[in-house]
Structure formats: structure tokens, C-alpha cells
Amino acid sequence: MSDNKTLKAMDRKIFTSYFADGLLDIFLAAFVLMFAVGPFLSGPLGDFWGTVIFLPFFGVVYLILRYIRKRVVTPRIGSVTWGEMRKRKLRTVSIIMLIINVIFLLLGVVVFFRPMASGYTVSIQFSVIMLILFTAAGYMLDFSFLYVYGILIALAMPVGEWLYQTAGFSHHGFPVVFGSLAVIMLARGLYKFITLVKGTPPQVEEPTLQELNHG
């Protein structure tokens, strides 16, 4: 039993260390940025297309970060082949992120055809959804910082509504609260990424015997 716990602890440490490059923080910052920029797009594009336009944006961000991981991160920390349990958890988190995007796409469709009344009730409903999804992702990946992000995102919605009703902030305060949160997440991700790049030089592959003979 003790050996099993030790193996699980080592597996968790390797897994969390492998994703400590800050790229996940940067991707989540791009996701949160949607809530800060989206309200400004609703005017010219409408609520529906103002939401849909972010789907290809997320695709481009994902491909860029995947390229950076392959060309910059992997040469420094190496690659890992995950077991079936970790692969299953990663697939589950991918489904969770897809659900998040689909939810807000559907919300855009609902608002497009039948505008909803805004207020604390709607904000709290969104907050509960985001808190549940981020908590589930944090549990699946063993990433405690996702719990923190979930709480911050959940709090941002009612805080934005409070700024809107008490101080007259535009767009229910979303540009301010989510813009600030996106900057925090992006700064954390860039700090982790730059620290990794500066502190870990690329690994030098040892030449094989065949290469030495041909040399």
C-alpha cells in the first residue's frame, strides 16, 4: 500500500512538473479574454457571431502553444509517455473545456433569439457553472491552481455586475474584471515560461555509435 501511494505521488509530481511551463495559464488567459473583448463585439457582430468568432481564435492559440511546447519546451524537459489513467484524465479535461465553449456558444444563441434579463441572478448562475467545471478540471489534472482560477472567474461575474450597477461600468463590468483577470493569468504564465527557458537549456542529444562511426 505504501509503495502504491509513493508511485502515485511520483506520477503526480512528474505530471504537474511537465505542465509547469505556463502554457496552460496562457491558454486560459486567452479563454478569459473572451469575456473582456466579447461585449465590444456584440454591437457590430451581434451576440451570436460575437461568441462564434472566438472558436477559430482558440484553435489558433492552441496550435501556437502546441508548436511552442514542441520546439521550445520539449527540448528542455524531454517528452513523457503517459499511462492510460493520465490519458483518460487529459481526454476528460479536453471534454470539459469543449463543454465550456459550447455552453457559452449556446448562451450566445439564446441571447441572439431571446435576449435575457441581466442581473445578479444570471451572473451567479454563470459563476456556479464555471466553478463546477474548473473544479472538475482541477480534480482530474491534480492542478490546485485551477481551483483558484475557478474561484476568481466565478467571483468576477457578480463583481462585474456590482460595478455595473453601482459605478456605471460598461458591459456589466466584464471588460474590467475579466480583462484584469486575463492579465494576471497571462503574467503568471509568461513568468513560468520565461523562468523555464532561462533556467533550463536545451538538452544535447548524445550521438549514437553509428553516428560516431560515420563521423
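Everything discussed here concerns the structure shown above.
Residues numbered from 1 in each chain as written. Predicted model: local features only at pLDDT ≥ 70, side-chain atom pairs only at ≥ 80, totals over all residues. Heavy atoms only, no water.

Asks: Residue-level account of the overall build of the protein, with values.
Replies: Tallying secondary structure elements over the protein gives eight helices and zero strands in all. N-terminal to C-terminal, the α/β element order of the protein is α-α-α-α-α-α-α-α. Within the protein, the proportion of its 215 residues that are buried is 37%. For the protein, contacts bridging at least 24 residues in sequence account for 80% of all contacts bridging at least 6. For the protein, the exposed area adds up to about 13,100 Å²; of that, 69% sits on carbon and sulfur atoms. (Helix = DSSP H or I, 4+ residues; strand = E, 2+ residues; numbered from the N terminus. Buried < 20%, exposed > 50% of the residue type's maximum accessible area, 1.4 Å probe, protein only. Contact = heavy atoms within 4.5 Å. Areas by Shrake-Rupley, 256 points an atom, 1.4 Å probe, with all protein chains shown as cover.)

Asks: Give me the lowdown on the nonpolar core, citing residues and values where you can.
Replies: Generally speaking, soluble globular proteins have nonpolar side chains that are buried together. Phe31, Val32, Phe134, Leu146 and Phe178 are the most contacted members of the largest nonpolar core, which totals 34 residues. Of all the secondary structure elements, the ones that give two or more residues to this core are α1 (2-18), α2 (23-52), α3 (54-77), α5 (120-141), α6 (144-167) and α7 (174-199). Among the nonpolar cores identified, the runner-up in size contains nine residues, and Leu23, Phe27, Leu65 and Phe193 belong to it. (Core = buried A, V, L, I, M, F, W, Y, C linked by side-chain atoms within 4.5 Å.)

Asks: Describe the pattern of salt bridges, naming the residues involved and giving the relevant values.
Replies: Tallying each qualifying case throughout the model produces three salt bridges. Its salt-bridge partner being Asp25, residue Arg188 comes within 2.5 Å of it at the nearest N-O pair. Linking Arg188 in helix α7 with Asp25 in helix α2, this pair joins segments that are 163 residues apart in sequence. Each of Asp25, Arg188 and Lys192 takes part in a single network of salt bridges with overlapping partners. (Salt bridge = Lys/Arg side-chain N within 4 Å of Asp/Glu carboxyl O.)

Asks: Give me the packing of α5 against α6: which residues, what numbers.
Replies: At their nearest, the axes of α5 and α6 sit 7 Å apart, and the two run at 170 degrees to each other. Judged by the inter-axis angle, α5 sits roughly antiparallel to α6. Of the residues in α6, those in contact with Tyr120, Ser123, Phe126, Ser127, Met130, Leu131, Phe134, Thr135, Ala137, Gly138, Tyr139 and Leu141 of α5 are Leu146, Tyr147, Tyr149, Gly150, Ile151, Ile153, Ala154, Met157, Pro158, Glu161, Trp162 and Gln165. When the residues that make up the contact of α5 with α6 are grouped by side-chain class, the tally is 17 nonpolar, six polar and one charged. (Axes fitted to C-alpha atoms, helices over the stretch in contact; angles between N-to-C directions. Parallel < 35°, antiparallel > 145°, perpendicular 65-115°, else oblique. Nonpolar A, V, L, I, M, F, W, Y, C, P; charged D, E, K, R; others polar.)

Asks: Before we move on, could you go through the packing of aromatic side chains and cite the residues and values that matter?
Replies: Evaluation of the coordinates by the stated rule reveals six aromatic pairs. Taking the centre distance of 5.4 Å and the plane angle of 90 degrees together, the rings of Phe31 and Phe35 count as edge-to-face. Residue Phe31 and its partner Phe35 are located together in helix α2, separated by four residues, close to a single helical turn. Overall, Phe35 belongs to the buried group, its relative accessible area being 6%. The cationic tip of Arg188 hangs over the ring face of Phe145; the distance from NZ or CZ to the ring centre is 4.9 Å. Just above the ring of Phe145 sits the side chain of Lys192; from NZ or CZ to the centre is 5.1 Å. (Phe/Tyr/Trp six-rings, centres within 6.5 Å; stacked < 30°, edge-to-face > 60°. Lys NZ or Arg CZ within 6 Å of the ring centre and 35° of its normal.)

Asks: Requested: an account of the environment of Leu146, with residues and values cited.
Replies: Structurally, Leu146 can be placed in helix α6. The exposure class of Leu146 is buried, given its relative accessible area of 4%. It is 9.7 Å that separates the C-alpha atoms of Leu146 and Leu28, two residues lying 118 residues apart in sequence. Ignoring sequence-local partners within four residues, the contact set of Leu146 consists of Leu28, Phe134, Ala137, Gly138 and Leu141.

Asks: Please set out the side chain of Arg69 residue by residue, giving values where relevant.
Replies: Among the structural elements, Arg69 can be located in helix α3. On the accessibility criterion, Arg69 (16% relative accessible area) is buried. Within the local environment of Arg69, its side chain forms a polar contact with the side chain of Asp21, the two groups lying 2.7 Å apart. When neighbours within four sequence positions are excluded, Arg69 is seen to be in contact with Tyr18, Phe19, Asp21, Leu23, Thr74 and Pro75. (Polar contact = N/O pair within 3.5 Å; in protein donor to acceptor, adjacent residues only side chain to side chain.)

Asks: Describe a nonpolar patch on the surface, naming the residues involved and giving the relevant values.
Replies: On the surface, Tyr120, Ile124, Val128, Ile132 and Trp162 cluster together to form a nonpolar patch covering roughly 490 Å² of accessible area. At four residues, α5 tops the list of elements feeding residues into the nonpolar patch. Examined against the element boundaries, Tyr120 turns out to sit in helix α5. (Patch = residues over 30% accessible without salt bridge, like charges linked within 9 Å, V, L, I, M, F, W, Y side chains within 5 Å.)

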